[in-house]
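Next come the chains, spelled out residue by residue.
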Amino acid sequence: MGASPLSKYQELEVLTMSRERLVVFLYSALHANLAQARALLDGDVSARTHRILKAQDVLNELLASLDLEAGGELAARLQRIYGWMMVELLEIQARRDAHRLDRVIAMVRELHEAWSRAADELEAQPAASAP
């Protein structure tokens, strides 16, 4: 059985996103998985583990997308933040620590908002300079 038309459309949409929009998309996915893990913190261990593993997959994608040469200090800082988040997720999974998970979620929310604003600004630049 093949992929549904919706999943094909979503895949095409992701493949045609700008680099900035893709980062925003990844932060959205990361936030969604963490929020679902938070809701499951005292519940279904298997489902919570699945969500945390999905969040780690997204963090790995974000890590792989970093260009440390071109990105300079910003890329290096993001690399450290993503590494910290990975360690936190391991601890959260082991200890079911709501406070730690809330800190990670808050940081992801801040990064998502910053990248979203930056992507909006980049997309607005060509329109502003057009005659």
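### Section: the pattern of salt bridges
Following the criterion strictly, the structure yields 10 salt bridges and no others. The shortest N-O distance in the salt bridge between D102 and R38 comes to 2.7 Å. Placement of the pair is D102 in helix α5 (residues 98-129) and R38 in helix α2 (residues 19-39), with a sequence separation of 64 residues. Residue classification places D102 among the partly exposed residues on the basis of a relative accessible area of 35%. Taking the relative accessible area as the measure of exposure, R38 reaches 32% and is therefore partly exposed. Between R80 and E73 there is a salt bridge; the shortest N-O distance is 3.1 Å. Here the residues in one salt-bridge network are E88, E91, R95, R100 and R103, joined through shared partners.

Thresholds, definitions, all that
- Each chain carries its own residue numbering, running from 1 in the written order of its sequence.
- At least 70 in pLDDT is required for a residue's local features to be given in this predicted model, at least 80 for side-chain atom pairs to be given and counted, and no such filter applies to totals for whole chains, interfaces and linings, which use all residues.
- Where side-chain values are given, they derive from all heavy atoms of the structure, hydrogens and water being excluded.
- A side-chain nitrogen of Lys or Arg and a carboxyl oxygen of Asp or Glu constitute a salt bridge if their distance falls within 4 Å.
- Helix and strand definitions follow DSSP, with helices as H or I runs of at least four residues and strands as E runs of at least two, each counted in order from the N terminus.
- Three exposure classes are used, based on accessible area relative to the maximum for each residue type with a 1.4 Å probe and protein chains only: buried under 20%, partly exposed in between, and exposed over 50%.

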